[in-house]
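Notes for the structure review
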Amino acid sequence: MTTILLIEDDHRIRESLARALADEGYAVKSEREGMEGLKTAVEEEIDLVVLDLGLPDMDGKQVLKLIRAVSEVPVIVATARDDQEETVRLLDLGADDYVVKPYSAKHLEARIRAVLRRVGDDAPTVVTVGGLVIDQDAHEARLDGELLELAAKEFDMLAYLAANVGRMIPKREILAQVWRLPYGGADKTVDVHLSWLRRKLGETAAQPRYIHTRRGVGVKLVDPSA
Ligand code: CA
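Residues numbered from 1 in each chain as written. Predicted model: local features only at pLDDT ≥ 70, side-chain atom pairs only at ≥ 80, totals over all residues. Heavy atoms only, no water.

1. Regarding unusual backbone geometry
The linkage connecting Lys101 with the following residue, Pro102, adopts the cis geometry, with an omega of -5 degrees. With respect to the secondary-structure elements, Pro102 resides in the loop between β5 (97-100) and α5 (105-119). Notably, His139 is not glycine yet its phi reads approximately 55 degrees, a positive angle. Structurally, His139 is set in the loop between β7 (132-135) and β8 (140-143). Its relative accessible area of 41% is what places His139 among the partly exposed residues. Its identity is not glycine, yet Asp144 carries a phi of approximately 50 degrees, on the positive side. Residue class for Asp144 comes out exposed when judged on its relative accessible area of 57%. (Helix = DSSP H or I, 4+ residues; strand = E, 2+ residues; numbered from the N terminus. Buried < 20%, exposed > 50% of the residue type's maximum accessible area, 1.4 Å probe, protein only.)

2. Regarding the pattern of salt bridges
The final tally for this structure, using the stated rule, is 16 salt bridges. Note that Asp96 is salt-bridged to Arg68, the shortest N-O span being 3.0 Å. Separated by 28 residues along the polypeptide, Asp96 in the loop between α4 (84-92) and β5 and Arg68 in helix α3 (residues 60-70) bring together distant segments of the chain. A salt bridge links Glu140 to Arg142, with the shortest nitrogen-to-oxygen separation between them at 3.7 Å. It is possible to trace a salt-bridge network through shared partners that takes in Lys61, Arg81, Asp83 and Glu86. (Salt bridge = Lys/Arg side-chain N within 4 Å of Asp/Glu carboxyl O.)

3. Here's the deal with the coordination of the calcium ion
Only Asp9 (OD), Asp52 (OD) and Gly54 (O) from the protein reach the calcium ion as donors, at distances of 2.2 to 2.3 Å. In primary sequence terms, the donor set of the calcium ion follows D-x42-D-x1-G. Linking Asp9 in the loop between β1 (3-7) and α1 (11-23) with Asp52 in strand β3 (residues 48-52), this pair joins segments that are 43 residues apart in sequence. Residue classification places Asp52 among the buried positions, given a relative accessible area of 5%. (Donors = N, O, S within 2.8 Å, 3.2 Å for Na, K, Ca; no water.)

4. What to know about the packing of helix α6 (residues 152-163) against helix α7 (residues 171-179)
Closest axis-to-axis distance for the α6/α7 pair is 10 Å, and the angle between their directions is 120 degrees. With respect to each other, α6 and α7 are oriented oblique. For the crossing formed where α6 meets α7, the hand is right-handed. Contacts from Lys153, Asp156, Met157, Tyr160 and Leu161 in α6 reach Glu173, Ile174, Gln177, Val178 and Trp179 in α7. (Axes fitted to C-alpha atoms, helices over the stretch in contact; angles between N-to-C directions. Parallel < 35°, antiparallel > 145°, perpendicular 65-115°, else oblique. Left-handed = near helix turned anticlockwise from the far one by under 90°. Contact = heavy atoms within 4.5 Å.)

5. Some words on the packing of α1 against α5
Contact pair α1 / α5: the axes reach a minimum separation of 10 Å and the direction vectors enclose 55 degrees. One element, α1, and the other, α5, form an angle in the oblique class. As α1 packs across α5, the resulting crossing turns out to be right-handed. Judged by residue contacts, Leu17, Ala20 and Leu21 of α1 engage Ala105, Leu108, Glu109 and Ile112 from α5.

6. Brief notes about the nonpolar core
If you look at the biggest cluster of nonpolar residues, it comprises 26 residues, and the most contacted ones within it are Leu132, Met157, Ile174 and Leu221. Every element with two or more residues in this core is listed here: β7, β8, α6, α7, α8 (187-200) and β11 (218-221). Residue contributions to this core peak at 7 residues, all from α6. If sequence neighbours within four positions are ignored, Ile174 has contacts with Met157, Tyr160, Leu161, Ile169, Trp179, Val190 and Val219. With 18 residues, the next largest nonpolar core counts Leu5, Ala41, Leu51 and Ile67 among its residues. (Core = buried A, V, L, I, M, F, W, Y, C linked by side-chain atoms within 4.5 Å.)

Here's what the structure looks like:
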């Protein structure tokens, strides 16, 4: 059974999430303070942590740092701030994903499933998006059966987009996740690799098929036949 740890001081949020997650078949533990949460996260068998940043005893970011110092347990952070700098900083600190408050239990469940799929043993190593087949183990991608000649970072970026298919991803998140660059890296790096990747997929920014970008927002991979 998959055990989720909720670290959240608001008892109404904590209880309604705990109920919703239990209904989905998860075992749920919860803590209302950072220090207790940290203790449970590292001492017990936890598969994923949902961490509220606004805690009574300590800053949630500090809790995240301390968890990361000793554990690789996946962490989804719940933040009240919906801005790119904040979210990239959280990813840099080692968060696996984030949700912006207020969020629904359904949305959180979807993020939990996505993170567990990405990090778990049962993560699919082959992802198919339309005519694109991305094989993580083999480090290979094919388009309509043809092997694509991708540089390492092009493949990593494509694999990250595919793991998040349909989601508009900020370029800075791609920098943080694919290049492991600290916040403040140049978006140009992503733009350049995107244009190479596009060319290899036989499409252009003007006539996108798989890769769709929105200026100032980000990039997403879609199934053009869907
Ligand atoms: Ca709180």
